[in-house]
Amino acid sequence: MVADLLIIAIGAILINNFVLVQFLGICPFLGVSKKVDTSVGMGFAVIFVMACASIITWCVQYYLLVPFHLEYLQTIAFILVIAVLVQFVEMFLKKSIPSLYSALGVYLPLITTNCAVLGVAIQNITKFTGVEMSFVKSLVYGVSAGIGFTIAIVLFAGVRERLESSNVPEFLKGMPITLVTAALLSIAFLGFSGLSF
Amino acid sequence: MFNSILVPILIIGGMGLVFGVLLGVASKVFAVKEDERIPKILEVLPGANCGGCGFAGCSAYAAALCKGGVKTNMCPVGGEAVANQIAEIMGVTAEKKERMVARVLCNGSPDRAVQKYYFDGPRDCYSAHKLGGGEKMCAYGCLGFGSCVKVCKFGAISIKNGVAYVNIDKCVACGACAEECPKKVIKILPLRSKYTINCKSVEKGKVTRHDCQVGCIGCGICAKTCPKGAISISDNLAVIDPAKCVNCGLCAQKCPQKAINKVTPEGLVRPEPKPAKPKLTPEQIEALKAKKAAQKKDQSQPAGQKEKNVKSEQVKADTKFNEVVKENIAKEAEAREAGAAIEKSRNEDVSKTQEIEINE
C-alpha cells in the first residue's frame, strides 16, 4: 500500500511532472514565474486546490456519474466542480484565514481555469498511472501533482530571476528567452523518465 | 431514449443548482464587512501602487487609513490635492506636507571621476557594485547603469553623461530609486531647498580630490560663507540643513570644487567639466622646454639693462625703464599668445588621438 502511494507520488512529482513533461498548466507557469516569492504562493495554492479537487471529483465520479452511466459527462462536471470549489475556497479563506487569503488570494482565481487541475481530476479516473485509483491514492496523486507543479514553477522562477540581470541578445529578450529556458528545463526533467517503474 | 436525455440534464442541472445555492449561502456566511470608505479612497488615490506611502500599494494604504492612526498626507504622488480629498472622506483636516523630490548626490560623470576599470558585465548597478564597488575610484558615487531608471514608475530619472539625473517635475518622491540604489546616492530632500551638495564621499579631501574633480573635499568654505549657518561639515563632507537654507546661493559660488549645485525645473545645474590635462609626447615636451628657455632669455636681458640704467642716470633711467617695461609686457603677451596657440593645437591633437583610440 505504502509502496504504491510512493510510486504514485514520485511518478507525479518527477517522472510525469505536470508542467515539464505533460505540458499542462503552462499559462500560470509562464505568467506567475517572474519572482520566486509569487511562484511559491502560486505553487501552494495549486497544491491546495488540486488536493481538494481530487477528493471531490473522485466522489462525483464514483457516487454520481458511474451509477447513472454518465462517464461521458466527466469533463463538464469536473470543470463545474473545480470552478465552484475555487470560488468557495476563496470565500472561506477570506473570512476565516485572512492571512492565508492575502498570501494566496491573488492566485486562487487564476487556478479556476488551470488545466493542470482538470488534468489531475481526469487522470485520477482514467488510470493514467496504471493503477486503479482508490480515494486515498487519488488524494496522494492530487497532492503530489501539486508538489510537482510547485517544484517546476519555483525552479523556473529562479532561472528567470537570474535572466533578469544577464546579457540577453536583443532578439531573444522577453518571452523568447523564457520559452527557450522552459524548453531546456523540460529536457532536463526528461532525465527522470529513466526512473519509471 | 427519454432516460438518456433527461438523466444527464437532471444530474448536471442538479449539480449546478446545488453548487449555486452553496456559493450563495457561502457568500452570505463568509461575507467580510469592508469599510465603505476604502473604495472611495481608492478612487481618489493615483493607483500607481508605487509604495511611496510606505504601504504595499494604494489599497493597502486605503485599508490602513480606515483602520486609523495613519496620516492622510502620506501619498507623495497625489500631494496636497489628494491629501485634502482623503481628509474630506475621512472627515478630518489635512495636514500640510512639504513637497519632496529625489536628488542624485553625485556629479561624477566619467570625465570627472577617475575610473578604476571598465565594467563589461550586465548593464545594471548591482552587478557593477558587486565587482569591487563599481567602475569609479570613488566608492560613493553614482554607478550610472540606471537601476534607478528601471524602478522609477514615473519616468523621472534618466542617465545623462554617466550619472543619474532626476526630472523634478515628474518626480513624486516615492523613494523607489533611493531604495534601489546600491550606493544609496539618491536622497529624498525638500523641494524648497534649491541647493544641494552633490557628493557623498566621506573620504579625506586629498583622496576625494584624487578620485573626482567635483567631489566635496570638506574644506568648509561653504560653512564659513553661509550667512544662516545652514551648512555643517561632518566626515569630510558638507551637509546643508534644508530647514535653515534660504537659497541665497553663496555656497555654490564659493565652492572650489563646484560640488554645490542649484536645482532648477530642468533638474540639477551641473558644473562644466574641467578640461583634463593633456598627456604630452616627448617631442612636445622638448618643444615646450625650448619655448620656456627662450622666454627666460627675453626676460633676463631687459632686467639687466634696468639695473645699469638705475645706477647711471636717474631721469633717463625712468623713461627708459618705462619703455623697457612696456616692451617687456608686449613680449610677454606675445609669448603667452604663442604658448596658448601651441597649447590649443596640442589639446586638439590629444583629443583627436583619444578619439582614434576610442574608435579603435
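## A closer look at a nonpolar patch on the surface
At step 1: Together, Met1, Val2, Phe135 and Val136 of chain A give the surface a local cluster of nonpolar side chains, amounting to about 390 Å² of exposed area.
At step 2: Considering the arrangement of structural elements, one finds methionine 1 of chain A in the segment before α1 (2-15).

## Side note on the nonpolar core
Taken as a class, soluble globular proteins show a tendency for nonpolar side chains to be buried jointly.
At step 1: Membership of the largest hydrophobic core comes to 55 residues, with the highest contact counts inside it found for Phe29, Met42, Phe78, Leu108 and Ile111 of chain A together with Met15 of chain B.
At step 2: By residue number, the principal contributor to this core is helix α4 (residues 74-96) of chain A, which donates 10 residues.
At step 3: Non-local contacts of methionine 42 of chain A, meaning those with residues more than four positions away in its chain, are made with Pro28, Val32, Tyr107, Leu110, Ile111, Phe149 and Ile153 of chain A.
At step 4: Among the nonpolar cores identified, the runner-up in size contains 22 residues, and Cys148, Ala164, Cys177 and Val263 of chain B belong to it.

## Digging into the interface of chain B and chain A
At step 1: Taken together, the contact pairs 22 residues of chain B with 20 residues of chain A.
At step 2: If one sorts the elements of the side of chain B that touches chain A by residue count, helix α1 (residues 2-29) of chain B sits on top with 13 residues.

## Here's the deal with the pattern of salt bridges
Residue and element names in this part refer to chain A.
At step 1: The full count for this structure, using the stated rule, is 2 salt bridges over all chains.
At step 2: Among the ionic pairs, aspartate 4 bridges to lysine 137, the shortest N-O distance being 3.5 Å. Taken together, the residues span a long stretch of sequence, with aspartate 4 in helix α1 and lysine 137 in helix α8 (residues 135-164) at a distance of 133 residues.
At step 3: Take aspartate 4: its relative accessible area is 32%, and that puts it in the partly exposed class.
At step 4: Owing to a relative accessible area of 9%, lysine 137 belongs among the buried residues under this scheme.
At step 5: The closest approach of N and O atoms between lysine 173 and glutamate 170, which form a salt bridge, is 3.3 Å.

## Notes on the environment of lysine 34 of chain A
Residue and element names in this part refer to chain A.
At step 1: Secondary-structure assignment places lysine 34 in the loop between α2 (26-31) and α3 (36-65).
At step 2: On the basis of relative accessible area, lysine 34 is assigned to the exposed category, the value being 58%.
At step 3: Counting along the chain gives 129 residues from lysine 34 to leucine 163, while the straight-line C-alpha distance between them is 10.0 Å.
At step 4: Not counting residues up to four positions away in its chain, the partners in contact with lysine 34 are Ala157, Arg160 and Glu161.

## Some thoughts on the state of the cysteines
At step 1: By the definition in use, this model includes 0 disulfides over all chains.
At step 2: Distance from the sulfur of cysteine 248 of chain B, which forms no disulfide, to the nearest cysteine sulfur (cysteine 226 of chain B) is 5.8 Å.

## Some points on the packing of aromatic side chains
Ring pairs (aromatic) are described by centroid distance and by the angle formed between their planes.
At step 1: Taken as a whole, this structure holds 9 aromatic pairs over all chains when the rule is applied.
At step 2: Three or more aromatic residues joined by ring pairs make a cluster, and in this case those are Trp58, Tyr62, Tyr63 and Phe135 of chain A.

## Looking at the pairing of strand β1 (residues 100-104) of chain B
All names here are of chain B.
At step 1: Within β1, 4 of the 5 residues are buried, leaving the element largely enclosed by the surrounding structure.
At step 2: Here 5 bridges tie β1 to strand β4 (residues 186-190), and the two strands are oriented antiparallel to one another. For methionine 100, the partnering residue across the bridge sits in β4 and is proline 190.

## A closer look at unusual backbone geometry
Residues and elements named next belong to chain B.
At step 1: Within the chain, asparagine 236 stands out as a residue other than glycine whose phi angle is a positive 60°.
At step 2: Take asparagine 236: it is sitting in the loop between β6 (231-234) and β7 (237-240).
At step 3: Accessibility expressed as a relative area gives 28% for asparagine 236, which makes it partly exposed.
At step 4: Positive phi is not limited to glycine here, since asparagine 247 has a value of about 60°.
At step 5: Within the fold, asparagine 247 resides in the loop between β7 and α10 (250-254).

Quick notes on the rules
Residues numbered from 1 in each chain as written. Chains lettered and ligands numbered in written order. Predicted model: local features only at pLDDT ≥ 70, side-chain atom pairs only at ≥ 80, totals over all residues. Heavy atoms only, no water. Patch = residues over 30% accessible without salt bridge, like charges linked within 9 Å, V, L, I, M, F, W, Y side chains within 5 Å. Areas by Shrake-Rupley, 256 points an atom, 1.4 Å probe, with all protein chains shown as cover. Salt bridge = Lys/Arg side-chain N within 4 Å of Asp/Glu carboxyl O. Helix = DSSP H or I, 4+ residues; strand = E, 2+ residues; numbered from the N terminus. Core = buried A, V, L, I, M, F, W, Y, C linked by side-chain atoms within 4.5 Å. Buried < 20%, exposed > 50% of the residue type's maximum accessible area, 1.4 Å probe, protein only. Contact = heavy atoms within 4.5 Å. Disulfide = S-S within 2.5 Å. Phe/Tyr/Trp six-rings, centres within 6.5 Å; stacked < 30°, edge-to-face > 60°. Pairing = 2+ DSSP bridges.

Honestly, it's all geometry; don't read function into it.
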